[in-house]
Amino acid sequence: MGYELRVERPAPLAFAELATVLGQAGFEFRGSQEVGEVLARHDGAVHAIAVWNGGLSGTPGSDWQVAQLARVSALLGARLVGEDGESYAIRDGLVEQLNGSAAYEFGKLDEILAAGPAVWSQ
């Protein structure tokens, strides 16, 4: 099992809101209101980026997946938070990991999305 990132916000996330936001932003959903997957397309293929089970979380294996999760979080007015309490966000077109006052830049959002879901090496 990989490192989990979860979408958090003060107000509970209802499935209807999730479905509306995903549809407007070009994401896809496969499953039911109880359990399913959020999917994003790249080069004609669909890739799972998150799991819905009353909350939204993902275990990314690439910068592309982190960027997609950060996009979904921003669209939902939420924060993307890691197991160790760090957060991930898009700021000024950059995908960043924030931990206290330290920030790590993954890179430019548009470049990461164009590169696609290349898996991190182990």
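Scope of this entry: the structure provided in the associated data block. Computed from a prediction, not measured in an experiment: that's the story for all the values here.

The rules behind these values
- Residues numbered from 1 in each chain as written.
- Predicted model: local features only at pLDDT ≥ 70, side-chain atom pairs only at ≥ 80, totals over all residues.
- Heavy atoms only, no water.
- Helix = DSSP H or I, 4+ residues; strand = E, 2+ residues; numbered from the N terminus.
- Rg over C-alpha atoms; globule rule 2.2 N^0.38 Å.
- Contact = heavy atoms within 4.5 Å.
- Areas by Shrake-Rupley, 256 points an atom, 1.4 Å probe, with all protein chains shown as cover.
- Lys, Arg positive; Asp, Glu negative; His and termini not counted.
- Charge placed at Lys NZ, Arg CZ, Asp CG, Glu CD.
- Core = buried A, V, L, I, M, F, W, Y, C linked by side-chain atoms within 4.5 Å.
- Buried < 20%, exposed > 50% of the residue type's maximum accessible area, 1.4 Å probe, protein only.
- Pairing = 2+ DSSP bridges.
- Phe/Tyr/Trp six-rings, centres within 6.5 Å; stacked < 30°, edge-to-face > 60°.

Quick word on the overall build of the protein chain
Point 1. Scanning the protein chain from N- to C-terminus turns up 3 helices and 9 strands.
Point 2. Secondary structure elements of the protein chain, listed N to C terminal, follow the sequence β-α-β-β-β-β-α-β-β-β-β-α.
Point 3. By the compact-globule yardstick of 14 Å for 122 residues, the protein chain fits well, its C-alpha radius of gyration being 14 Å.
Point 4. Dimensions of the protein chain, computed from the C-alpha atoms along their principal axes, are close to 35 × 35 × 30 Å.
Point 5. Pairs at least 24 residues apart make up 45% of the contacts formed inside the protein chain by residues separated by at least 6 positions.
Point 6. For the protein chain, the accessible surface area stands at approximately 6800 Å², while carbon and sulfur atoms represent 51% of it.
Point 7. The positive charge centre, built from 8 side chains, and the negative charge centre, built from 16, are 4 Å apart in the protein chain.

A closer look at the nonpolar core
Point 1. Membership of the largest hydrophobic core comes to 29 residues, with the highest contact counts inside it found for Leu18, Ile49, Leu56 and Leu76.
Point 2. Within the residue set of this core, elements represented by two or more residues are β1 (5–8), α1 (15–25), β3 (36–42), β4 (45–52), α2 (63–75) and α3 (109–115).
Point 3. The element contributing the most residues to this core is α2, with 6 residues.
Point 4. Excluding anything up to four places from it in sequence, Leu56 contacts Arg6, Val7, Leu18, Val38, Ala50, Val51, Val72 and Leu76.

Some words on the pairing of β4
Point 1. Here 7 bridges tie β3 to β4, and the two strands are oriented antiparallel to one another. Bridging from a neighbouring strand, Val38 pairs with Ala50 of β4.
Point 2. Where β3 hands over to β4, the hairpin turn is made up of 2 residues, of which Asp43 adopts a positive phi near 50°.
Point 3. As judged from the 2 bridges shared by β4 and strand β5 (residues 56–58), these two strands associate in the antiparallel manner. Residue pairing for β5: Trp52 is matched across the bridge by Leu56.

Some words on the packing of aromatic side chains
Point 1. What the rule picks out here adds up to 4 aromatic pairs.
Point 2. Between Phe15 and Phe29, the aromatic rings sit 5.1 Å apart at their centres with planes inclined by 65°, giving edge-to-face as the arrangement. Taken together, the positions of Phe15 in helix α1 and Phe29 in strand β2 (residues 28–31) put the pair 14 residues apart, joining distant regions of the chain.
Point 3. On the basis of relative accessible area, Phe29 is assigned to the partly exposed category, the value being 27%.
Point 4. Judged by centre distance (6.1 Å) and plane angle (50°), the ring pair of Tyr88 and Phe106 falls under tilted. Here Tyr88, found in strand β7 (residues 87–91), pairs with Phe106, found in strand β9 (residues 102–108); they are 18 residues apart in sequence, far enough to count as distant.
Point 5. Looking at Tyr88, the relative accessible area reads 9%, which means it is buried.
Point 6. Classification of Phe106 as buried rests on a relative accessible area of 16%.
Point 7. Taken together, Phe15, Phe29 and Trp52 form an aromatic cluster joined through their ring pairs.

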